[in-house]
Amino acid sequence: MLCNVQVLRAVAATMVVLHHLRTPLLPHAPWIKDIHVGAAGVDIFFVISGFIITLTTAQRTATPAQFFAQRATRIVPLYWLFLLLIAGMVAVGLRPVGLTDTDATLTNLFKSMAFIPFERSNGALMPILGVGWTLNFEAFFYLLFGTALFLPNRRRLMVITTYLLLLPLAGLLLQPSGAVALFFTNSILLEFLTGCWLAHWHLKAGTIGGRRSTGWLLIAAGGLGLVLPEIFDWGPDFQQLMPLRFLIFGLPAFCIVAGALCLERAFQSLKSPFLQQQGAASYALYLSHTIVLQIGEKGLAALEIDTLLGPIGTAAVLFVAAIAAGTATHLWIERPITRWCRDSFTPKRSQA
């Protein structure tokens, strides 16, 4: 268990929650709409994903079938559950914010479940559960990585590197127009690649990189890199998948994850049970928080509690509700479902 990486998962999920908490504060603080640093939690997740997948497959031999089954049981059950929850809400007349009649179709539900990008009526490339756009990238990365498992271990990293360099390059040179081609040639794929090479360094570096000063310097540089974009006006397309996201958020995210690993190697780990628990619950929190925030905001407004609490108090209550709901979802829904799916559908490793 890499404690610092687990803590970073908790931090990344919390950043995304705070990013979406801007909505109830907008009427009282319009300037907050220009603060986007919380969105970089996604980029930290992507670097961690590339790192963990490379690290675990190097340490444990798995066939492509086993790999795909393990990844599917990890992300699909809970994601599908929330997609069906959204579909059920729409069926009874409850419409999540930003989801129009044109978006909430059966075809788009199936595309969402199959991790196929499509364009919403507002131009965004995201499934009917908005935060699921990141899972489309995750699933695509798993597909690429899984095909590389057919090759000897020494060649996998180079094949993955080739994939993840050529696709963004093709997007830059060819300027594709279709939703799928546009989505899967985004520079954000390079964030997975940095995580893969970080795992390679972690496995091969020996005692190199174990200095606390190096770790803190990298984290400070990454944090500064995340803050710098707030100084500039990136335009109205920032919240979409902008072509330069890797440079804006990806490289700082890489520095932060690399710094956390340096500290881990220097035996400076953050082992707080609460933060470790929140890291384990980060996926459940990520999937559930937008629904919780929307329902909570409407509920507080209907009861006129938001007037009593004020904007800051309302945001604090919504934040606590999102964390609590994410933790409960992890403990009582995600873990039992994932355990059952792994026992039922994951191919067993052959015994030597």
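Please read all numbers here as calculations on a predicted model, not as lab measurements.

### As for the overall build of the chain
Link 1 in the chain: In terms of regular secondary structure, the chain is built from 14 helices and zero strands.
Link 2 in the chain: Taking the principal axes of its C-alpha atoms as reference, the chain extends roughly 60 × 45 × 45 Å.
Link 3 in the chain: Every one of the 352 residues in the chain was classed for burial, and the buried ones make up 49%.
Link 4 in the chain: In the chain, 79% of the contacts between residues at least 6 apart in sequence involve partners at least 24 apart.
Link 5 in the chain: Working note: accessible area of the chain is about 17,300 Å², and carbon and sulfur atoms make up 69% of it.

### Focus on the packing of aromatic side chains
Link 1 in the chain: Evaluated as defined, the whole model comprises 16 aromatic pairs.
Link 2 in the chain: Where Phe 137 meets Phe 183, the ring centres are 4.0 Å apart and the plane angle is 20°; that geometry is what we call stacked. Highlighted residues: Phe 137 in helix α6 (residues 133-148) and Phe 183 in helix α8 (residues 179-183), separated in sequence by 46 residues.
Link 3 in the chain: Given a relative accessible area of 0%, Phe 137 falls into the buried group.
Link 4 in the chain: Grouping aromatic residues by their ring pairs yields a cluster made of Phe 46, Phe 67, Phe 68, Trp 133, Phe 137, Phe 140, Phe 141, Tyr 142, Phe 145, Phe 183, Phe 184 and Phe 192.
Link 5 in the chain: When the ring centre of Tyr 142 is taken as reference, the NZ or CZ atom of Arg 71 above it lies at 5.4 Å.
Link 6 in the chain: A cation over an aromatic ring shows up here: Arg 265 above the ring of Trp 201, its NZ or CZ 4.9 Å from the ring centre.

### Quick notes on a nonpolar patch on the surface
Link 1 in the chain: A surface patch of nonpolar side chains, about 550 Å² in accessible area, is lined by Leu 166, Leu 169, Leu 172, Leu 173 and Leu 174.
Link 2 in the chain: Within the element layout of this structure, Leu 166 appears in helix α7 (residues 153-174).

### Quick word on the environment of Ile 75
Link 1 in the chain: Position of Ile 75 among the secondary structure elements: in helix α4 (residues 64-91).
Link 2 in the chain: By relative accessible area, which is 7% here, Ile 75 ends up buried.
Link 3 in the chain: Other than its neighbours up to four places away in sequence, Ile 75 contacts Phe 115, Tyr 142 and Tyr 283.

### Quick word on the pattern of salt bridges
Link 1 in the chain: This structure, assessed with the given rule, holds three salt bridges.
Link 2 in the chain: One salt bridge in this structure joins Arg 245 and Asp 43, with 2.9 Å as the shortest N-O distance. Taken together, the residues Arg 245 in helix α11 (residues 245-265) and Asp 43 in helix α3 (residues 41-59) connect sequence positions 202 residues apart. Across the pair, Asp 43 and Arg 245 agree in class, each one buried.
Link 3 in the chain: In this structure, Glu 334 engages Arg 74 in a salt bridge whose closest nitrogen and oxygen atoms are separated by 2.7 Å. Here Glu 334 is found in helix α14 (residues 305-345), whereas its partner Arg 74 is found in helix α4, with 260 residues between them in sequence.
Link 4 in the chain: You can call Glu 334 buried: its relative accessible area is 4%.

### Some remarks on the nonpolar core
Link 1 in the chain: Ranked by internal contacts, the top residues of the largest apolar core, which has 87 residues, are Leu 129, Phe 137 and Leu 287.
Link 2 in the chain: Not counting the four nearest positions on each side in its chain, Leu 287 is found in contact with Leu 78, Tyr 79, Phe 82, Leu 129, Val 131 and Leu 135.

### Topic: helix α12 (residues 273-280)
Link 1 in the chain: Looking at α12, one finds that the buried residues are Gln 276, Gln 278 and Gly 279. The arc that holds every buried residue of α12, seen down its axis, measures 160°, which confines them to one face. In α12, the exposed residues that point more than 90 degrees away from the buried face are Pro 273 and Phe 274.
Link 2 in the chain: The inward-facing, buried residues of α12 contact α1 (3-20), α13 (282-302) and α14.

### Quick notes on α14
Link 1 in the chain: End to end, α14 covers just 46 Å across 41 residues, shorter than the expected 60 Å (1.5 Å per residue, more than 12% under).
Link 2 in the chain: The largest bend along α14 reaches roughly 100° and is located at Pro 311.

### Here we look at the packing of α6 against helix α9 (residues 189-204)
Link 1 in the chain: At a minimum axis separation of 10 Å, α6 and α9 run at an interaxial angle of 50°. Taken together, the axes of α6 and α9 are oblique relative to one another. Of the two elements, α6 crosses α9, and the hand of that crossing is right-handed. Contacts between α6 and α9 involve Phe 137, Glu 138, Phe 140, Phe 141 and Phe 145 from the first element and Leu 189, Phe 192 and Cys 196 from the second.
Link 2 in the chain: Class assignment for the residues of the contact of α6 with α9 results in seven nonpolar, no polar and one charged.

### Some details on the state of the cysteines
Link 1 in the chain: This model, assessed by the stated rule, comprises zero disulfides.
Link 2 in the chain: With no disulfide of its own, Cys 196 lies closest to Cys 255 among cysteine sulfurs, the gap being 17 Å.

### Some remarks on the side chain of Glu 138
Link 1 in the chain: The topology assignment puts Glu 138 in helix α6.
Link 2 in the chain: An unpaired buried charge is present at Glu 138: no salt bridge exists, and Arg 71, the closest side chain of opposite charge, is 6.4 Å distant.
Link 3 in the chain: Setting aside chain neighbours within four positions, we find Glu 138 in contact with Phe 45, Phe 46, Ser 49 and Phe 192.

### Here we look at the environment of Gly 279
Link 1 in the chain: Along the polypeptide, Gly 279 turns up in helix α12.
Link 2 in the chain: Residue classification places Gly 279 among the buried residues on the basis of a relative accessible area of 0%.
Link 3 in the chain: The spatial distance from the C-alpha of Gly 279 to the C-alpha of Val 11 is 7.8 Å, given a sequence separation of 268 residues.
Link 4 in the chain: Ignoring sequence-local partners within four residues, the contact set of Gly 279 consists of Gln 6, Arg 9 and Ala 10.

Cut-offs applied
Residues numbered from 1 in each chain as written. Predicted model: local features only at pLDDT ≥ 70, side-chain atom pairs only at ≥ 80, totals over all residues. Heavy atoms only, no water. Helix = DSSP H or I, 4+ residues; strand = E, 2+ residues; numbered from the N terminus. Buried < 20%, exposed > 50% of the residue type's maximum accessible area, 1.4 Å probe, protein only. Contact = heavy atoms within 4.5 Å. Areas by Shrake-Rupley, 256 points an atom, 1.4 Å probe, with all protein chains shown as cover. Phe/Tyr/Trp six-rings, centres within 6.5 Å; stacked < 30°, edge-to-face > 60°. Lys NZ or Arg CZ within 6 Å of the ring centre and 35° of its normal. Patch = residues over 30% accessible without salt bridge, like charges linked within 9 Å, V, L, I, M, F, W, Y side chains within 5 Å. Salt bridge = Lys/Arg side-chain N within 4 Å of Asp/Glu carboxyl O. Core = buried A, V, L, I, M, F, W, Y, C linked by side-chain atoms within 4.5 Å. Arc of directions from axis to C-beta. Expected span 1.5 Å × (residues − 1). Bend = angle between axes of the 7 residues up to and from the residue. Axes fitted to C-alpha atoms, helices over the stretch in contact; angles between N-to-C directions. Parallel < 35°, antiparallel > 145°, perpendicular 65-115°, else oblique. Left-handed = near helix turned anticlockwise from the far one by under 90°. Nonpolar A, V, L, I, M, F, W, Y, C, P; charged D, E, K, R; others polar. Disulfide = S-S within 2.5 Å. Lys, Arg positive; Asp, Glu negative; His and termini not counted.

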